Amino acid sequence: MIEADSAVVRPRIYSAKKHPLETIAPLKTPISVHIDVASLCNFRCSFCFQADTIGMKKVGLKRGFMPVTLFKKIVDDLKDFPQKIKKIKIGNHGEPTLHPDLPEMIAYAKNAQVSEIIELFTNGSKLEPRLNAGLVESGLQRINVSLEGLSDERYKAVAGKKINFQSIVDGVRNLYSLKSSDLNIYVKIADHAHALSDSSTKIFVLSAEERKYFFDTFSGICDEIFIEKVVPQWAETQNKKQNELKSTGMYGQKIKHNKDVCPFTFMYLHFNCDGTVSPCTLDWPRKVVVGNAKHQKVKDIWFSKRMRQLQIAMLLGKRSEINFCNNCSAPLVCLDEDLDPHKDEVLSKMYVTEKEMEEPNPWVSQ
């Protein structure tokens with residue numbers, strides 16, 4: 001752990017202590033749930049599916065805001081689990097600060113006491129004093145601010161957005177001035193980001209001067225800070241804008257081998273704005289849907305046959321035969337967890353029968 005003025009330099013995946021997944025899987029309570037309250041975004045970052053208008057149209061992706069009633073229903077459903085969720089993570093596919101009822105939602109989740117931490121993901125463009133005050137008052141405990149550059153020109157080139165970069169700096173500074181010790185602010189910047197334009201092959205690698213400017217500018221107005229590398233985390237979209245798979249992942253962690261088992265499917269639930277549920281935060285086209293929170297209890301989805309069949313297919317080494325999962329590099333580049341050496345152990349703890357292993361699995365191409 002390194003100190004940069006007041007901020008700790010470390011990637012967000014190491015901000016909390018973890019138990020080895022193989023020792024706790026299968027889980028009676030998900031480690032965290034991701035709730036995408038707004039699937040719309042005001043940026044079109046080159047490496048993100050939000051820049052792929054043709055791809056989104058092709059899969060019929062419907063975007064919008066999650067109704068407050070649905071958000072509250074999901075939160076209430078979490079009370080059915082035997083333990084608290086470690087984190088409720090708000091935002092991932094879109095920009096949650098676009099939702100007009102965001103502070104109300106966060107406050108409801110905080111007051112429900114169903115998770116240890118309420119966390120928000122944002123591009124920081126809407127962090128103005130009024131919203132910042134609302135976020136602090138709501139009880140938000142962690143906010144992850146993602147920067148796409150350090151100048152107006154870089155944002156235009158990478159995110160296709162004309163902005164005043166200084167306004168983002170001012171927004172983070174204002175939030176830091178308002179926060180209590182209960183709120184942790186993490187600021188990260190994307191390195192090796194590609195230009196948004198299809199006609200450009202430009203890759204923006206942060207120079208030594210830019211890295212110094214980043215740390216000098218933000219280390220005094222946040223709690224944690226890091227430079228994350230753009231990696232191929234969004235499957236079947238923007239492939240030429242996410243860099244090739246190398247020896248290290250998003251956070252500099254070493255990539256040892258391909259993974260037959262996706263750890264995400266044993267750890268998380270992701271709720272899209274329309275109520276559909278995936279066990280993966282990166283299922284942007286909603287191809288790996290295990291239920292719908294509009295019509296089902298969250299606990300029933302977690303323990304559903306559909307979810308179990310997906311986990312069994314993973315443990316049988318069939319990820320390469322599962323639609324969408326077979327094209328995804330996220331298990332390699334986005335997390336450390338590795339269940340591959342523990343397949344038999346987890347199958348045994350799940351009490352998977354020979355019949356279940358032999359019968360046709362709806363997730364596997366027949």
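Read on for a plain summary of the structure. Since this is a predicted model, take the numbers as computed values, not measurements.

Conventions used here
- Residues numbered from 1 in each chain as written.
- Predicted model: local features only at pLDDT ≥ 70, side-chain atom pairs only at ≥ 80, totals over all residues.
- Heavy atoms only, no water.
- Core = buried A, V, L, I, M, F, W, Y, C linked by side-chain atoms within 4.5 Å.
- Buried < 20%, exposed > 50% of the residue type's maximum accessible area, 1.4 Å probe, protein only.
- Helix = DSSP H or I, 4+ residues; strand = E, 2+ residues; numbered from the N terminus.
- Contact = heavy atoms within 4.5 Å.
- Axes fitted to C-alpha atoms, helices over the stretch in contact; angles between N-to-C directions.
- Parallel < 35°, antiparallel > 145°, perpendicular 65-115°, else oblique.
- Left-handed = near helix turned anticlockwise from the far one by under 90°.
- Nonpolar A, V, L, I, M, F, W, Y, C, P; charged D, E, K, R; others polar.
- Phe/Tyr/Trp six-rings, centres within 6.5 Å; stacked < 30°, edge-to-face > 60°.
- Arc of directions from axis to C-beta.

Most often, soluble globular proteins have nonpolar side chains that are buried together. One finds Ile143, Leu147, Phe218 and Phe271 to be the most contacted residues of the largest nonpolar core, which totals 118 residues. Ranked by residue count, the leading element in this core is helix α10 (residues 305-315), at 6 residues. Look past the residues within four positions of phenylalanine 218 in its chain and what remains in contact with it is Leu147, Leu150, Phe165, Val169, Val172, Val187 and Ile225.

This paragraph deals with the packing of helix α3 (residues 68-77) against helix α4 (residues 102-112). Between α3 and α4, whose axes approach to 10 Å, the crossing angle comes to 15°. Accordingly, the angle class assigned to the pair α3 and α4 is roughly parallel. Note that α3 runs across α4; the crossing there is right-handed. Taking contact as the criterion, the partners of Val68, Phe71, Lys72, Val75 and Asp76 in α3 are, on α4, Glu104, Met105, Tyr108, Ala109 and Ala112. Tallied by class, the residues present in the contact of α3 with α4 amount to 7 nonpolar, no polar and 3 charged.

Looking now at the packing of aromatic side chains. Summed over the entire model, instances satisfying the criterion amount to 8 aromatic pairs. With a centroid separation of 6.3 Å and 70° between ring planes, the pair formed by phenylalanine 165 and phenylalanine 218 is classed as edge-to-face. Taken together, the positions of phenylalanine 165 in helix α7 (residues 165-178) and phenylalanine 218 in helix α8 (residues 208-218) put the pair 53 residues apart, joining distant regions of the chain. A centroid spacing of 5.5 Å and a plane angle of 40° characterise the contact between phenylalanine 264 and tyrosine 268, whose relative ring orientation is tilted. Summarising the burial analysis for this pair, phenylalanine 264 and tyrosine 268 share the class buried. Grouped by ring-pair contacts, the aromatic residues Phe43, Tyr155, Phe165, Phe214, Phe215 and Phe218 constitute a single cluster.

A cis amide bond links alanine 25 with the next residue in sequence, proline 26, at an omega value of 0°. Mapped onto the fold, proline 26 is located in the loop between α1 (21-24) and β3 (32-35). A positive phi angle, close to 70°, is found at asparagine 243, a residue other than glycine. Secondary-structure assignment places asparagine 243 in the loop between β10 (224-229) and β11 (268-271). The phi dihedral of tyrosine 351 falls on the positive side, at around 55°, and the residue is not glycine.

On to α8. Of the positions making up α8, those classed as buried are Phe214, Thr217 and Phe218. The arc that holds every buried residue of α8, seen down its axis, measures 80°, which confines them to one face. Exposed residues on α8 whose side chains face more than 90 degrees from its buried face are Ala208, Glu209 and Lys212. Buried residues in α8 make contact with β6 (142-147), α7, β7 (184-191) and β10.

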